[in-house]
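# Residue-level structural notes
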Amino acid sequence: MRTDVRTYAGGDTTVERMALEAGALGYGAIVSVGGPPMTCGAVRVIPGVYVAAEKPNQALAAVRRAAEGTFVTVRLGEQGFNRAAAGFAGVHALSGVYRCRRNSFDHVAARTAADRGVAIELVLAPLVRERGGLRQAALRRYADVLVLHHRYGFPLVLGSGARSCLDLRAPRAADALCRLFGLDEDGVEAALTGVETLMSPTLPVRVVE
């Protein structure tokens, strides 16, 4: 099932409308930060928690408070924080690598993420919204992640980062954006369909290419 990993409902866009618009684009589910679990038409809404903390102990406390059945994402930061967060129990994905300094998500964090079955979320919003140097920096960070992904085998997931239905991107558009940093069609499909596996820890999650 293709899933848009992270959306935010707000303004004139309700969770229900976000889900219906995502369904029209070809998604079977969305992870909605702060949204309730529900089904809208044929689209499943998976509640999401986005943890943004400065210190590992603060992030871990927030992760432990997350309700069962939520998709838990932790914002990346400095190198030491990232190494710790990759090993937190209950975390499904790490996000915001495009904001990080180069090498702050390094081989140690990558190996830990692979061993724990924790994904790196690649948010499409900066590739659409930013221009010039900021966009190029995001592309470089994503290309760096891809090198580590191929070496260590941690999962990838894709998220629009949409705050309104206008920010959603169809799978074909996501594929075109991902080609800019080297993720091929098979990789995009795996990233779009990996949420259910991540939320079912009894299933294998590590795939080494």
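Right above here is the structure, for reference.
Summarised in this report is the structure supplied together with it. (Residues numbered from 1 in each chain as written. Predicted model: local features only at pLDDT ≥ 70, side-chain atom pairs only at ≥ 80, totals over all residues. Heavy atoms only, no water.)

For the protein, the helix and strand inventory stands at 9 helices and 8 strands. Taking 209 residues into account, the globule formula puts the C-alpha radius of gyration at 17 Å, and the protein, at 16 Å, falls close to it. With the C-alpha coordinates aligned to their principal axes, the bounding extent of the protein is approximately 40 × 40 × 30 Å. Looking at the 209 residues of the protein, the share that counts as buried comes to 50%. Put simply, 64% of the contacts in the protein that link residues at least 6 apart link residues at least 24 apart. Just so you have it, the protein exposes about 9,800 Å², and 51% of that area is on carbon and sulfur atoms. Of note, the protein has its 25 positive side-chain charges centred 7 Å away from the centre of its 20 negative side-chain charges. (Helix = DSSP H or I, 4+ residues; strand = E, 2+ residues; numbered from the N terminus. Rg over C-alpha atoms; globule rule 2.2 N^0.38 Å. Buried < 20%, exposed > 50% of the residue type's maximum accessible area, 1.4 Å probe, protein only. Contact = heavy atoms within 4.5 Å. Areas by Shrake-Rupley, 256 points an atom, 1.4 Å probe, with all protein chains shown as cover. Lys, Arg positive; Asp, Glu negative; His and termini not counted. Charge placed at Lys NZ, Arg CZ, Asp CG, Glu CD.)

In this section: unusual backbone geometry. Backbone geometry places Asn103, a non-glycine residue, at a positive phi of 75°. Within the secondary structure, Asn103 is located in the loop between strand E6 (93-95) and helix H4 (107-116). The exposed category is assigned to Asn103, whose relative accessible area is 54%.

Bear in mind that shape data such as this cannot, by itself, settle questions of function.
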